[in-house]
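Chain by chain, the residues run as shown.
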Amino acid sequence: MTTTPLLEIRDLHTGFHTDEGLVRSVRGVSLTVARGETLALVGESGCGKSVTAHSVLKLIPMPPGQITSGQILWQGRDLVPLSIREMNRIRAREIAIVFQEPMTALNPVYSVGEQIAEVVRQHMGLGRRAAVDRAVEMLDMVGIPDARRRVGDYPHQFSGGMRQRVMIAMALACEPKLLIADEPTTALDVTIQAQILDMLQDMKERLGTAILLITHDMGVVAETAERAVVMYAGRVVEEGTVDRLFSAPAHPYTRGLIRSIPRLDGGQGRHKRLDTIAGSIPSQYANPPGCRFAPRCPLAQADCLAAQPPMTSPSADHHFACFHSVPEAIAP
Amino acid sequence: MAVFLARRLAIAMLSVIGASVVLYAVLALAPGDVFGELVSNPGIPPDVIANMREKLGLDQPIHIRYVNWALAMVQGDWGYSLVNRIDVGTLIWQRIPATLLVVGSAQALALAIALPVGVLAAMRPYSVFDQIASTLAFIGFSLPTFFTGLLFILLFSITLDWLPFIYRADLEQTGGAWVWAQLRQSIMPVTVLALFQAASWTRYVRSSVLEVIRLDYVVTARSKGLPERVVIVKHVLRNALIPVVTMVALELPVVFGGAIVTEQIFRVPGIGSLLISSIMANDTPVIMAVTFVFACLVILFNLIADVLYRWLDPRIKLH
Amino acid sequence: MAGPSHQTTLTVADEPRAPTSWQRFRKHRMAVVGTVVLGLLVALVLLGPLIWNVPIDKIDFRARLAMPSAAHPLGTDDLGQDLLARLLYGGRVSLAVGFAAMLVAVVIGTLVGAVAGMSRGPLDAFLMWLTDLFLALPTLPLLLLIIYLFRDALKGLVGPEVGVFVLIIAVVGGLRWMPVARLVRAQFLTIREREFVEAARALGASRLRQVVLHILPNALGPVIVAGTISVAEAIIAESTLSFLGLGFPPDTPTWGRILFDAKDFLSIAPHWALFPGLAIFLTVLSINFIGDGLRDALDPRKVR
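Residues numbered from 1 in each chain as written. Chains lettered and ligands numbered in written order. Predicted model: local features only at pLDDT ≥ 70, side-chain atom pairs only at ≥ 80, totals over all residues.

## Description of the pairing of strand β1 (residues 7–18) of chain A
Residues and elements named next belong to chain A.
Okay, so step 1: The pairing of β1 with strand β2 (residues 21–33) spans 10 bridges and is classified as antiparallel. Across the sheet, residue Thr-18 finds its bridge partner in β2, namely Gly-21.
Okay, so step 2: The pairing of β1 with strand β4 (residues 65–74) spans eight bridges and is antiparallel. Residue pairing for β4: Arg-10 is matched across the bridge by Gln-71. (Pairing = 2+ DSSP bridges. Helix = DSSP H or I, 4+ residues; strand = E, 2+ residues; numbered from the N terminus.)

## Looking at the domain arrangement of chain A
Residues and elements named next belong to chain A.
Okay, so step 1: The domain boundaries assigned to chain A delineate domain 1 (35–59 + 89–94 + 178–264 + 274–332) and domain 2 (101–175).
Okay, so step 2: Taking only C-alpha atoms into account, the centre of domain 1 sits 30 Å from that of domain 2.
Okay, so step 3: Domain 1 puts 14 residues into the contact, and the matching count from domain 2 is 15 residues.
Okay, so step 4: Considering every element that reaches the side of domain 1 that touches domain 2, the biggest residue donor is helix α8 (residues 190–207), with seven residues.
Okay, so step 5: By residue class, the composition of the side of domain 1 that touches domain 2 is 11 nonpolar, two polar and one charged. (Domains from an automatic or database assignment. Contact = placed C-beta atoms within 7 Å. Nonpolar A, V, L, I, M, F, W, Y, C, P; charged D, E, K, R; others polar.)

## A word on the packing of helix α7 (residues 145–159) of chain B against helix α11 (residues 270–298) of chain C
Okay, so step 1: Across the interface, α7 of chain B lies against α11 of chain C with an axial gap of 10 Å and an inter-helix angle of 145 degrees. Regarding α7 of chain B and α11 of chain C, the two cross each other, and that crossing is left-handed. Here Phe-147, Leu-150 and Leu-154 of chain B of α7 of chain B lie close against α11 of chain C, whose contacting residues are Pro-270, Ala-273, Gly-277, Ile-280 and Phe-281 of chain C. (Axes fitted to C-alpha atoms, helices over the stretch in contact; angles between N-to-C directions. Left-handed = near helix turned anticlockwise from the far one by under 90°.)

## Side note on the sheet that holds strand β5 (residues 77–78) of chain A
Okay, so step 1: Taken in spatial order, the four strands line up as β2-β1-β4-β5 (chain A) in an open sheet, and their pairing is antiparallel. The strands lining the two open edges of the sheet, one partner per strand, are β2 and β5 of chain A.

## Brief notes about the UniProt feature "domain: ABC transmembrane type-1" (unreviewed entry) in chain B
Okay, so step 1: In this structure's numbering, the residues bearing the UniProt feature "domain: ABC transmembrane type-1" (unreviewed entry) are residues 96–305 of chain B.
Okay, so step 2: A distance of 21 Å separates the end C-alpha atoms of residues 96–305 of chain B, which is 83% helix and 0% strand. (UniProt positions renumbered as here; feature names shortened; annotations may be inferred.)

## Quick word on the confidence of the model for chain B
Okay, so step 1: With 91% of its residues at a pLDDT of at least 70, chain B reaches an overall mean of 83.
Okay, so step 2: Interface confidence in the predicted complex, given as ipTM, is 0.84; pTM for the same model is 0.81. (pLDDT = per-residue confidence, 0-100.)

## Details of the interface of chain A and chain B
Okay, so step 1: Facing 23 residues of chain A, the contacting portion of chain B comprises 20 residues.
Okay, so step 2: Elements supplying a minimum of two residues to the side of chain A that touches chain B: α2 (84–90), α3 (102–105) and α4 (112–124) of chain A.
Okay, so step 3: Among the elements that take part in the side of chain A that touches chain B, α4 of chain A stands out by supplying four residues, more than any other.
Okay, so step 4: When the residues that make up the side of chain A that touches chain B are grouped by side-chain class, the tally is 12 nonpolar, six polar and five charged.

## Topic: the environment of Gln-164 of chain A
Okay, so step 1: With respect to the helices and strands, the residue Gln-164 of chain A is situated in helix α7 (residues 160–172).
Okay, so step 2: As a C-alpha pair, Gln-164 of chain A and Val-98 of chain A span 66 residues in sequence and 8.1 Å in three-dimensional space.

## Some details on the UniProt feature "domain: ABC transporter" (unreviewed entry) in chain A
Okay, so step 1: Taking the numbering used here, the UniProt-annotated feature "domain: ABC transporter" (unreviewed entry) corresponds to residues 7–258 of chain A.
Okay, so step 2: Secondary structure across residues 7–258 of chain A divides into 40% helix and 28% strand, with the first and last C-alpha atoms of the span separated by 27 Å.

## Digging into the sheet that holds strand β7 (residues 178–182) of chain A
Residue and element names in this part refer to chain A.
Okay, so step 1: The eight strands lie next to each other as β6-β7-β8-β3-β9-β10-β12-β11, forming an open sheet whose pairing is mixed. The open sheet has two edge strands with one neighbour each: β6 (95–98) and β11 (312–315). Sheet twist, expressed as the average angle between the axes of neighbouring strands with direction ignored, equals 20 degrees.
Okay, so step 2: As paired elements, β6 and β7 share four bridges and run parallel to each other. Across the sheet, the residue bridging to Ile-95 is Leu-178, located in β7.
Okay, so step 3: Contacts from helix α11 (residues 252–259) reach β3 (38–42), β9 (227–232) and β10 (235–241) within the one sheet, and its direction differs from that of β9 by about 110 degrees.

## Details of the domain arrangement of chain B
All names here are of chain B.
Okay, so step 1: Assigned domains within chain B: domain 1 (2–88) and domain 2 (95–312).
Okay, so step 2: Relative placement of domain 1 and domain 2: their C-alpha centres are 32 Å apart.
Okay, so step 3: Between domain 1 and domain 2, the contact holds 18 residues from the first and 17 residues from the second.
Okay, so step 4: Elements supplying a minimum of two residues to the side of domain 1 that touches domain 2: α1 (2–29) and β1 (80–81).

Rendered as C-alpha cells:
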C-alpha cells in the first residue's frame, strides 16, 4: 500500500447527547475506501452504519450529535476538525451522498432542474443556463426519459424510483470522487431496486466514482460491492472482499446475516423456514466491556463477556473480531 | 391559475354574501325599532325617517328586505349617516386610509420582527436566545393591546414626553416636517399593534421552521455544500412560510379587532374609531356599514393569503 | 419553555419509558408557575373580599385619586373608591365571564365538531363551511354590533348586570367555538377509523354509544388545550368590550371597565390603570402558559 486511500476512517466514535445520557452510536469504526471501488457497509438498522456515513460529511445534527474521537482522512486530510464552511467545499464536489427516502429527500417547492442546477452553480461556477443544461445532461444520464422536458417538473410529479434517479443525478452532477449511497434502494419496489443498482454500477464505470454503499441487504452486497465491512452495534465485526466473506465468513454475526438471505435455489430445503438471528441489538446506552454480540451468539463463552475480542486476520484481505470462530463455508 | 383564481373569487363572493346575511340577520333579530332613537330625536325631520323606513322596507318580509338592502349596498348606496350628516360610503372612504396605513405598517413591522427572531430561535432550539425570545413572545401576546397602548402613553408621552399620544389626520406641517410629524404620531399605534402580532407570529415561524429544519430535504441541501444562509432562506424558510401564511390568514379577524382598540386609544381617525363613535351615537347605518367593511377586508386578505399560499406551494397546482 | 428533549431516531430495545401526561406537564416549568399564579388569583378574588371587606362603592372625595397607602393598598379612583376592593370584586366577574364563555364555546364547538365528524357528506360539508365563515368574521366588530343591538332589550328583561353578563358570555362564547369544532371533527375523523372503534362497531355498538364511550374521551386532550386558551381569549374579549365602554356598566368594576374609567387620568393617577392592567396580564399570561404546558402534556405529537 503505497498510495493513500481515497477515504480512511480511523477509530471513529460518534454519539448523541440526550436527556438520558450519551448514546454511543459509533464505537471505534475503521475502514478504507480505495479510488473507484465499491465498499459495502453492512448491518442491521441501528448498528451505526448510517451515522458513520453521515459523520464523513458531518451531516449529523450537531448538537445533539458529536464526533467524540477518531479521524476521517479524505485523501490524507482529516475532515474532523474542519469547519462547516470548509466542509462545504468538499460536500457534493468531492463527496456526495444519496439518501434512503427519495420521497422526502427532494425539496417539494423547487423543480428538479432547479435543485440539480443549484449544486452545479455552487461548485462548478456555471451560469444559470449552463447549469440547467448540465441538469438535463445528468437526468438523461441516469435514465430519465425526455429529460429536457421534465427538468422543470416538481418532485411530486415523479415516482419513487424516478426521484431516486434524480437524487443520484444531483449527487453525481459535480463528478465527486466518492458517492455515499445510504440504503439507496431500501424504500423502493424490488423491481425498481435492481434497476437503480444497475444504473449506479453503470455510472460508477462511466465516471470512475468510488461508492460507499450502506445496506442491510447481503443480497445487494453480493451483487454490487467488491469489499464489505460488517458492523454490529457500533463496531466493525468483520471486513473482507465480498468473495471471501461469502465463501468463508468468520464472525458468527456475518454468518447469521448470510444465512438469512432468502434463497431461490432451494438450498435450504423447500419447507425449511428462513434463518433469523435471535434477539435484538443491544441498548446504545449500555457500555458492557465484552463483545457486543455475545448475548445473541451461539458460540459465546465466559471470556466473550469479559473483553472485546481484537481483530484477527486470517489473510491480508480478511479481518474479523471473534475469540472462538474460524472462517469456514456455511454448510448448505 | 385562471381557473383557480375564478374559483377562489367565487368562494370569496360567497363569503361576502354569507357575512352580509349574518350581519343582516343580527340586525333583523334585534329587538325593538332601530329607528326608535331617531324618532324621539327632535333634530331629525320625520320625513327623513319615513324615507329611510321606506328604503329599508321595514314592513316587508325579511328576505325581501335583505335583498333590497344588499342591492342598495351593491349599487353603492350605503345609507346616510345621521350623526355626521354625510353619505356612509363617503365617510368610510375618508376613514379607511388611516386604518390601512396603521394596520399595514404594523403588519410589516411585525413581519420584520417575527421572521428573523422565529428563524434564529428555531435554529438553536432551547438556547438562551430561544428561551428569551419564546418568553417575550408569550408575554407579548398575553398583553392585551389596550393595556400596552396605555403603558406606551404613560411611558413615552407622559413620563418621557417623546411622542404625541393623539393622532391627527389634519397635521398643519408641510413637506419634511409633515413626514416627521406623521412618523412620530404613527410610532405608538403601529408599534402597539405590531408587537402583539409579532409575538404570535414569532411562535408560528419558530415552530414551523423547527418542523421543516429537520426534514430530509434540508439534510440534502446541506449535503450539497450550500452556504448555511442559502440552506436556511431558500430551503427552510420558503417551506416553513407555507403553513405560516395559513395561520396569519386565520388570525386576520384578530388583527382588525386590535386595530379598533388601537385607533380608539390613540384617536386614529380610521374606521375602527368610527365604529366606536357611531355605536356611542346610535348611528345604525354607519355601524352596519363599518362592520360589513371589516368583514370584507378580512375576506379580501384571506383571498390574498390563498393566492400567496398557492404561489408558495407548487404541489397544490395539480389539484 | 420546556426542558430540552432532543429526540434521536436511534431508539432501541430498552430505552427509558415514556413519561405520563402529568410528568410532561410538570416538566414545563412556566406552566407550573402559571398554575400556581392562577390558583392564587382565583383564591384572591374568591376569598379576598371576605378579608378585605371595604365596600366597592364607598365614595370618599377626601381620598380621591389617592396613591397606594395603608388605608388603600392599591389607591383609589376619582370618586375615592377603594381600588383593591373593586379589583377583587371585578376579578370575580372577569374570571367568571372567561370560564363561562369558554364553556359555551366548548359545548357548541364539540357539538358542531361531533356532528360534522360523525356524518360524512353534505351535513359535514355545510357545517365546515359555516365554521370557516365564522372564522372569517371580524370578531370584535361583530361583538360590538350585537351588543349595540341587543344590550337595551336584555337589560330590560333581566336587569343591567345579569343582562350584560349573559349577553357577553353568549356572544364571546358564540364567536369562539370554531377552533374547537375543527379540532373535534379532526379527532373524530382520525380516531373513528382506529381499531377499537372498529371493534366496538363490529360488536354492534350504537352510534351514540360509539361517540360517548369511545371517541369523545380520546378527543378530550386537544379540546382541553383549546378550551384553556379560549378562557384567556374570552377574558381579553370581555376586557376589550369594557375598555371600549361597551361592556359592563360602571357599577360592575370588571378589570376592563376599571381601565376604561382610569384611562383619562393616566397622567395624574397611573396606579389606577396599572393595577387592573397587570391583573388582566397576569391572568392571561398564566392561562397561556398553562395551555402551553397542557399541549405538551396531552398532545405529545405536537412538535415544539
